[in-house]
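# A closer look at the structure
Listed below, chain by chain, are the residues.
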Amino acid sequence: MTSVQAVVYGIVQGLTEFLPVSSTGHLRITSALAGWPDPGAAFTAVIQLGTLAAVLVYFRVELWRISAAVLRSFRTRAMADADAKLGWGIIIGTVPIVVVGFALRDVIEGPARNLWVIAGGLGLFSFVMLAADRYAADERELASATVPDAVAIGVAQVLALIPGVSRSGATISMGLARRFNRAAAARFSFLLSVPAVVLSGLFELRKIGDSGGASAGITVIATIAAFAIGYASIAGLLRLLAHHSLMVFIVYRTALAGLLVVLLAAGTIPAR
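Residues numbered from 1 in each chain as written. Predicted model: local features only at pLDDT ≥ 70, side-chain atom pairs only at ≥ 80, totals over all residues. Heavy atoms only, no water.

### Focus on the confidence of the model for the protein
How we decide: pLDDT measures how confident the predictor is about each residue, on a scale from 0 to 100. Secondary structure elements follow DSSP: runs of H or I no shorter than four residues count as helices, runs of E no shorter than two count as strands, and numbering proceeds from the N terminus.
Taken as a whole, the protein shows an average pLDDT of 86; of its residues, 95% reach a score of 70 or greater. Across the protein, helix H12 (residues 247–265) holds the top mean pLDDT of 94, while helix H6 (residues 105–109) sits lowest at 81.

So, in structure tokens, the structure goes:
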């Protein structure tokens, strides 16, 4: 992988990690359209640490407050504090994707990266997003989050293991189904991504520099680019969802899925 490819992958990761359009799917599509080798699941997981850093910086005050509340709950053995409830919800909501992700790691790193799978994930899950967005109650704030909410959204996050579905798309949709307003659903999605991305990135970090993979230096370049673009993406999406629906993303996903199907059926790009 060259430095130029690394920068491009970092920009794509930063732009799409928080938008409900699937960053993993877009990295795979970018490599296919450009005629570059698939960057691989390990590289993808590691450069997500760049977008994770963007979350940590953007939500630093909120994350510090939540972490402090969780630590206090150990001492007081009480979760009356809304921040403590949210913190434990994030921890509990992370368990499903950790368990399923580890169990299916070989599938995720191999067959699931087929472009037919990505096209299906983009297209089919768009209908789920459409239903969630159309019937959103838009009435709950993040402070009202409960353990059942965290479990439901955490289970939805498991769907993000299918390239094309989108972590934020799945979790925001479930948040809307749980009657959170769009901005609250997005914030919970971002916060819930922290432990999952940390664990995934650190687990895959050992593979960086292996024969045939991206070097450590190249990976650092992509990760820095992902951080810079990702930070801007968070702010942009929160502003957008405060006043608009998910429709622009639903239309985009559906159109991209259709384009992929046409290119794959015509043999213009290989599925693997």
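Next comes the rest of the write-up.
### Regarding the packing of helix H7 (residues 115–134) against helix H9 (residues 167–177)
Selection criterion: Each axis is a line fitted through C-alpha atoms, taken for helices only over the stretch in contact, and angles between the N-to-C directions span 0 to 180 degrees. Roughly parallel here means an angle under 35 degrees, roughly antiparallel means over 145, roughly perpendicular means 65 to 115, and every remaining angle is called oblique. With the far helix as reference, a near helix turned anticlockwise by less than a right angle produces a left-handed crossing, and one turned clockwise produces a right-handed crossing. Whether two residues are in contact is decided by their heavy atoms, any of which lying within 4.5 Å being enough.
At a closest axis distance of 8 Å, the pairing of H7 and H9 adopts a crossing angle of 30°. Taken together, the axes of H7 and H9 lie roughly parallel to each other. In this structure, H7 crosses over H9, and the sense of that crossing is left-handed. Residues Phe125, Met129, Ala132 and Asp133 of H7 form the contact with H9, whose own contacting residues are Gly169, Ala170, Ser173 and Leu176.

### Observations regarding the nonpolar core
Most often, soluble globular proteins have nonpolar side chains that are buried together. Rules: Side-chain atoms within 4.5 Å link the members of a nonpolar core, which is a set of buried Ala, Val, Leu, Ile, Met, Phe, Trp, Tyr and Cys residues. A 1.4 Å probe rolled over the protein chains alone gives each residue an accessible area, and that area as a share of the maximum for its type sets the label: buried under 20%, exposed over 50%, partly exposed in between.
Within the largest apolar cluster, 40 residues are counted, with the highest numbers of intra-cluster contacts made by Phe59, Leu86, Phe188, Leu191, Ile234 and Leu246. Here this core gets nine residues from one element, more than from any other, and that element is helix H10 (residues 182–205). Excluding residues within four positions of it along the chain, Leu191 makes contact with Phe59, Glu62, Leu63, Ile66, Leu86, Ile90 and Leu142. Of all hydrophobic cores here, the second largest spans 13 residues; its members include Leu122, Leu260, Ile269 and Ala271.

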